[in-house]
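# Examination of the molecular architecture
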Amino acid sequence: AVFEAAGGFDVSTITGATALAAQPAETDEIVLSDAGTLKRLDIKHIQAVPMFCATSAGDQALSDNTWTKHNFNAEVFDTASGFDLANERWTPGVAGTYYIGCRASLKSDGGELDAVGAKFQFNGATPEPPNYFYNSYTAGTGPGEHEVHGGTIMVFDDDDYVELFVTINVGTGTPRTQQSWFWGYRLTGV
């Protein structure tokens, strides 16, 4: 019997193959040519993962004019199970550059706000701006509720973590949270 050498695999072998019907999973791979050398690339390296989004139903009572860690009671999504509801913080588990954002909804349950703020704490400490967002009003003239929106870019090691802190200075009433959101995802190409 005579055996012939098997032909090599190249990209033309798969051209015209069946198209994917859904978004690839993080574990799927693509083949690409690097100056004529075929290489395998995991899809997760070009997707914005890991990512998370946590939300709160609100009504967390806060001390007036005091930075307090925001509590969250649900995850909208968490691709790498990095959000820790018990400790109210996110650890991505993968080193990289990440966009971190929030929409903190704050109120005074009996009156006006003088100021509201939100900040991200990185590994338990407040990093330099722009990770701090603050809205102030002339005393006694602010609305009874307000949202603080913010976002920044942070560089993480796999075991770094981020938390959201808020502050409310009330003219009257008790400071409280309303439904808020906290999210983050890895940036690709950086």
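Residues numbered from 1 in each chain as written. Predicted model: local features only at pLDDT ≥ 70, side-chain atom pairs only at ≥ 80, totals over all residues. Heavy atoms only, no water.

The next subject is the overall build of the chain. Scanning the chain for helices and strands turns up zero helices and 14 strands. Sequence-ordered secondary structure for the chain, helices as α and strands as β, is β-β-β-β-β-β-β-β-β-β-β-β-β-β. The 190 residues of the chain split such that 35% are buried. Within the chain, contacts between residues separated by at least 24 positions form 71% of all contacts whose residues are at least 6 apart in sequence. Carbon and sulfur atoms provide 51% of the accessible area of the chain, an area that totals close to 10,500 Å². (Helix = DSSP H or I, 4+ residues; strand = E, 2+ residues; numbered from the N terminus. Buried < 20%, exposed > 50% of the residue type's maximum accessible area, 1.4 Å probe, protein only. Contact = heavy atoms within 4.5 Å. Areas by Shrake-Rupley, 256 points an atom, 1.4 Å probe, with all protein chains shown as cover.)

Turning our attention to the pattern of salt bridges. Tallied over the full model, the rule gives four salt bridges. Of the charged contacts, one joins Lys 39 and Asp 34 as a salt bridge, the two residues approaching to 2.6 Å between their closest N and O atoms. Looking at Lys 39, the relative accessible area reads 41%, which means it is partly exposed. Across the salt bridge formed by Arg 176 and Asp 59, the nearest N and O atoms sit 2.5 Å from each other. Linking Arg 176 in strand S13 (residues 175-177) with Asp 59 in the loop between strand S3 (51-56) and strand S4 (68-69), this pair joins segments that are 117 residues apart in sequence. For Arg 176, a relative accessible area of 17% corresponds to the buried category. (Salt bridge = Lys/Arg side-chain N within 4 Å of Asp/Glu carboxyl O.)

Turning to the side chain of Gln 60, a few remarks are in order. Along the chain, Gln 60 falls in the loop between S3 and S4. In this structure the side chain of Gln 60 is engaged in a polar contact, spanning 2.8 Å, whose partner is the backbone nitrogen of Asn 71. Not counting residues up to four positions away in its chain, the partners in contact with Gln 60 are Thr 68, Lys 69, His 70, Asn 71, Pro 175, Arg 176 and Thr 177. (Polar contact = N/O pair within 3.5 Å; in protein donor to acceptor, adjacent residues only side chain to side chain.)

Moving on, we get to the nonpolar core. Core analysis: the biggest nonpolar cluster contains 26 residues, and Ile 100, Phe 120, Val 162 and Phe 182 have the highest contact counts within it. Mapped onto this core, the elements with two or more residues apiece are S3, strand S8 (96-108), strand S9 (113-122), strand S11 (145-156) and strand S12 (162-170). Those residues within four positions of Phe 182 in sequence are excluded, and the remaining contacts are Phe 52, Cys 53, Ala 54, Phe 72, Phe 83, Ile 100, Gly 101, Cys 102, Phe 120, Val 162, Glu 163 and Leu 164. (Core = buried A, V, L, I, M, F, W, Y, C linked by side-chain atoms within 4.5 Å.)

Side chains of Ile 30, Leu 32 and Ile 46 sit close together on the surface and give an oily, nonpolar patch of about 220 Å² of accessible area. With respect to the element layout, Ile 30 can be found in strand S1 (residues 29-34). Overall, Ile 30 belongs to the partly exposed group, its relative accessible area being 32%. (Patch = residues over 30% accessible without salt bridge, like charges linked within 9 Å, V, L, I, M, F, W, Y side chains within 5 Å.)

Moving on to the environment of Asp 34. Relative to the assigned elements, Asp 34 resides in strand S1. Look at Asp 34 and you get partly exposed, because its relative accessible area is 37%. A polar side-chain atom of Asp 34 sits 2.6 Å from a polar atom in the side chain of Lys 39.

Within S9, ten of the ten residues are buried, leaving the element largely enclosed by the surrounding structure. One ladder, built from nine bridges, connects S9 with S12; its direction is antiparallel. For Phe 120, the partnering residue across the bridge sits in S12 and is Leu 164. (Pairing = 2+ DSSP bridges.)

Phi is mostly negative for residues that are not glycine, and the peptide bonds are mostly trans. The backbone of Ala 35 sits at a positive phi, close to 55°, despite the residue not being glycine. Overall, Ala 35 belongs to the exposed group, its relative accessible area being 80%. If you check the backbone angles, Ser 81 has positive phi at about 55° while not being a glycine. Accessibility expressed as a relative area gives 65% for Ser 81, which makes it exposed.

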